[in-house]
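# Summary of the model geometry
The chain contents come next:
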Amino acid sequence: MKFKLTLLIALIAFSFSNGQDNKAFNAGEKLTFAASYNMSGILTDVAEVKMETSEMRTSSSTLMHLKCTATTYSDFDSYFKIRDLYESYVNPRTITPYLYNREINEGGYYKYVKYKYNHKTNLVESLIRKKTSKSKTGYWDQNNTVKINSNARDIVATIYKIRTLDIHKAPIGASDSFTVLFDNKMTKTSFKLLGKETINTALGKKECYKLAINVAGNNLLKGNNANLLWLTADQNKVPVYAKFKIAVGSGELKLKSATGLRN
């Protein structure tokens, strides 16, 4: 079983409008989720996912550090140990990414990805690193320059960008798509607003946007309207609950705690 942070990210990106400034979150926010997987017909909590924001000052500007981690609980480490890190450094107002890192440690499998953006040329300097026994260093590096669309973002920046958008302006049944840069490929992801639903969450009873997600040309998510996400229908647009179906089973993501919310 590979319960990747990718699943969370694939379920948290949604866009009906562009160019909105960030009024949804500040540095210092921390969201914690329980990730459960259907094991022999029983949903079992197997991992913890955290999403955190912080401020990073450079010599010329102030960026926001968006950090996402996934860690299996100790009881499941012997079965399939996961220690994943995804992070993006972005403009705090527009959520435009400048640097992205992804480090995957899953059941003995290791992969590191780094993107350095040049938005003037719409080019990304990419490094992909994997372990290999054929190199003296123990690693195999692949360096590339990737041409991207002007609105393409990495997964982490996309997660947070959704929360700056005016979803409340979209009518029920509206759908949209956008581009995510993942493993040097631009992937189109589409979404449909199914409506609003009030559910019990770690933040109390909340009215939420209920969204259906589809990833084009990717076998990660299965089924028609089987992958669902609930975002709070307020200024924060916090992801509080998700249901997903993949080739090897199904599962859920549920918010456990949220601190440092802006609104």
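Notes on the structure in this doc start here.

Reading the values: the criteria
Residues numbered from 1 in each chain as written. Predicted model: local features only at pLDDT ≥ 70, side-chain atom pairs only at ≥ 80, totals over all residues. Heavy atoms only, no water. Helix = DSSP H or I, 4+ residues; strand = E, 2+ residues; numbered from the N terminus. Pairing = 2+ DSSP bridges. Salt bridge = Lys/Arg side-chain N within 4 Å of Asp/Glu carboxyl O. Buried < 20%, exposed > 50% of the residue type's maximum accessible area, 1.4 Å probe, protein only. Core = buried A, V, L, I, M, F, W, Y, C linked by side-chain atoms within 4.5 Å. Contact = heavy atoms within 4.5 Å.

### Things to note about unusual backbone geometry
Despite not being glycine, Asn-122 has its phi angle at roughly 55 degrees, a positive value. Topologically, Asn-122 is positioned in the loop between strand 6 (109-118) and strand 7 (123-131). Positive phi, close to 50 degrees, is recorded for Lys-237, a residue that is not glycine. Tracing the backbone shows Lys-237 in the loop between strand 12 (228-232) and strand 13 (239-246).

### Some points on the pairing of strand 2 (residues 42-57)
Bridge analysis of strand 1 (residues 30-39) against strand 2 gives 10 bridges, and the strand direction is antiparallel. Each bridged residue has a counterpart across the sheet, and for Asn-38 the counterpart in strand 2 is Leu-43. Joining the antiparallel neighbours strand 1 and strand 2 is a turn of 2 residues, in which Ser-40 adopts a positive phi near 55 degrees. Sheet topology places strand 2 next to strand 3 (residues 62-72); 11 bridges connect them, and they run antiparallel. Across the sheet, the residue bridging to Arg-57 is Thr-62, located in strand 3. Joining the antiparallel neighbours strand 2 and strand 3 is a turn of 4 residues.

### Overview of the pattern of salt bridges
Overall, the coordinates contain 12 salt bridges when judged by the stated rule. Among the salt bridges present, the one from Arg-163 reaches Glu-29, with a minimum N-O distance of 2.7 Å. One end of the pair, Arg-163, is in the loop between helix 3 (155-161) and strand 9 (175-182); the other, Glu-29, is in the loop between helix 1 (5-10) and strand 1, with 134 residues separating them in the sequence. In terms of burial, Arg-163 and Glu-29 fall into one category: buried. Here Asp-166 makes a salt bridge to Lys-169, at a shortest N to O gap of 3.4 Å. Within the structure, one salt-bridge network assembled from shared partners comprises Glu-48, Lys-50 and Lys-256.

### Thoughts on the environment of Thr-69
For Thr-69, the location among the structural elements is in strand 3. Judged by its relative accessible area of 16%, Thr-69 is buried. For the pair formed by Thr-69 and Ile-82, sequence separation is 13 residues and the distance between their alpha carbons is 9.7 Å.

### Re the pairing of strand 7
One ladder, built from 8 bridges, connects strand 6 with strand 7; its direction is antiparallel. What sits directly across from Lys-116, in strand 7, is Glu-125. Examined bridge by bridge, strand 7 and strand 8 (residues 139-147) share 9 bridges and lie antiparallel to one another. For Leu-127, the partnering residue across the bridge sits in strand 8 and is Asn-143.

### Notes on the nonpolar core
Core analysis: the biggest nonpolar cluster contains 63 residues, and Leu-66, Tyr-160 and Val-240 have the highest contact counts within it. Setting aside chain neighbours within four positions, we find Tyr-160 in contact with Phe-25, Glu-29, Met-51, Glu-52, Thr-53, Leu-66, Cys-68 and Ile-95.

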